[in-house]
Amino acid sequence: TVEHGHAGHRGFYGSWTQAGVPAGNLLAFGALNLARGLPEPAFYSWGWRVPFWFGIALTIIGFLIRRHIEESPLFEKQSQTNVVRENPLLTVIRTKWRNVLLVIGARFAENASFYVLTIFTLSYAEKRMDSELVVRAVMLGSALEFFTIPLYGILSDRIGRRGVYLFGTIGLVLFAFPFFKLFDSGSTFQLNAALIIFLGIFHAAMYAPQAAFFAEMFGTNMRFSGASLGYQLSSPIAGGLALNIAGIFWKWNNGAPWLVAGYLAAVGALSTVSVFLASETHKSDLTR
């Protein structure tokens, strides 16, 4: 998507791939809510499978799209001139290892905070409130994020990827403790505000520039290998362990959320440093 995007609009083009996450959230939670509207015996016998049926349909659609999508003209041009590496993965590790580490670090806050504040909070809320309220708050936040992601993408084209990204990471550091204050307030309005602010403002600011930012860190001859290596290595470390870490901290703190909030502030600080150390890329030439 970024390679197909016109120069000066790559952040906007790339942000639409990121908007798939809040759209997926809305579909998933929406399907679950529809299923929960069934009588209890029907829900437990077949209703819980409804979201998975939708998932099968989306998988088929995704497969058909991927079968017919064309490579970007930029990649095709480099392929014809024999510039594309025979082993781009090794080339990335040897020559661009620093950028791979920066991508891993930059993703930490976005990935870990997303799982903690949209999934862990469902368990955290069990003895405090109706979990349906949390699901609705996540849906509201996701609905807003679907629109703010492309707006942040446009902003990243104008002021740069790092500025938008840093707004999100620093925002997470500052909002980690107030989030749980709002969440525990007992007010539905403040609960909605907590997840709307997190998803629609701070998470969107981290997530929107990622596609363009990470792609622009690597040359065409190793772009897919470099961006995906850093992006995917971060997932099991940041997102994959986030729920376990949050659960352990929650038990250590006797059910209080403050160690979890401290963890979120820490990953926010890690990503802030990583993004700060990365070079600005929004005016870079992708033909390199």
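The preceding data block contains the structure.
Residues numbered from 1 in each chain as written. Predicted model: local features only at pLDDT ≥ 70, side-chain atom pairs only at ≥ 80, totals over all residues. Heavy atoms only, no water.

1. Points about helix H13 (residues 258–277)
Note: α-helices contain 3.6 residues per turn, so residues at a spacing of three or four share the same orientation. With 20 residues, H13 extends 29 Å from end C-alpha to end C-alpha; this agrees with the ideal 28 Å at 1.5 Å per step. The set of residues buried in H13 consists of Val260, Ala261, Tyr263, Leu264, Ala265, Val267, Gly268, Ser271, Thr272, Ser274 and Val275. Taken together, the buried residues of H13 touch helix H7 (97–124), helix H9 (161–183), helix H11 (210–216) and helix H12 (223–252). (Helix = DSSP H or I, 4+ residues; strand = E, 2+ residues; numbered from the N terminus. Expected span 1.5 Å × (residues − 1). Buried < 20%, exposed > 50% of the residue type's maximum accessible area, 1.4 Å probe, protein only. Contact = heavy atoms within 4.5 Å.)

2. Quick word on the layout of surface pockets
For the largest pocket, the calculated volume is near 1,100 Å³. Lining the largest pocket are 31 residues, and of these Thr1, Val2, Ala215, Arg223 and Phe224 lie nearest its centre. For the lining of the largest pocket, the secondary structure elements donating two or more residues are helix H1 (10–18), H11 and H12. Broken down by element, the residue count for the lining of the largest pocket peaks at seven residues, all from H12. Grouping the amino acids of the lining of the largest pocket by side-chain chemistry returns 14 nonpolar, twelve polar and five charged. A volume near 330 Å³ is recorded for the second largest pocket. Around the second largest pocket, the lining residues are Gly20, Ala23, Gly24, Leu27, Leu58, Gly62, Ile65, Arg66 and Ile69. Those elements giving two or more residues to the lining of the second largest pocket turn out to be helix H2 (20–36) and helix H4 (50–68). For the lining of the second largest pocket, the class distribution of residues is five nonpolar, three polar and one charged. (1 Å grid on protein atoms, 1.4 Å probe; cavity = no way out; pocket = protein on both sides within 12 Å on 5 of 7 lines; lining within 4 Å. Points joined across faces, edges and corners; volume = space filled by probe spheres on them. Nonpolar A, V, L, I, M, F, W, Y, C, P; charged D, E, K, R; others polar.)

3. A short note on unusual backbone geometry
A positive phi is found at asparagine 254, a non-glycine position, where the angle reads about 55 degrees. Take asparagine 254: it is sitting in the loop between H12 and H13.

4. Some thoughts on the pattern of salt bridges
Think of it this way: side chains of opposite charge can pair up when their charged atoms draw near. Throughout the structure, instances matching the rule amount to six salt bridges. Between glutamate 216 and arginine 10 there is a salt bridge; the shortest N-O distance is 2.8 Å. With glutamate 216 in helix H11 and arginine 10 in helix H1, this pair connects stretches of sequence that are 206 residues apart. Residue classification places glutamate 216 among the buried residues on the basis of a relative accessible area of 1%. Using a relative accessible area of 6% as the deciding quantity, one classes arginine 10 as buried. (Salt bridge = Lys/Arg side-chain N within 4 Å of Asp/Glu carboxyl O.)

On their own, these measurements won't tell you what the molecule is for.
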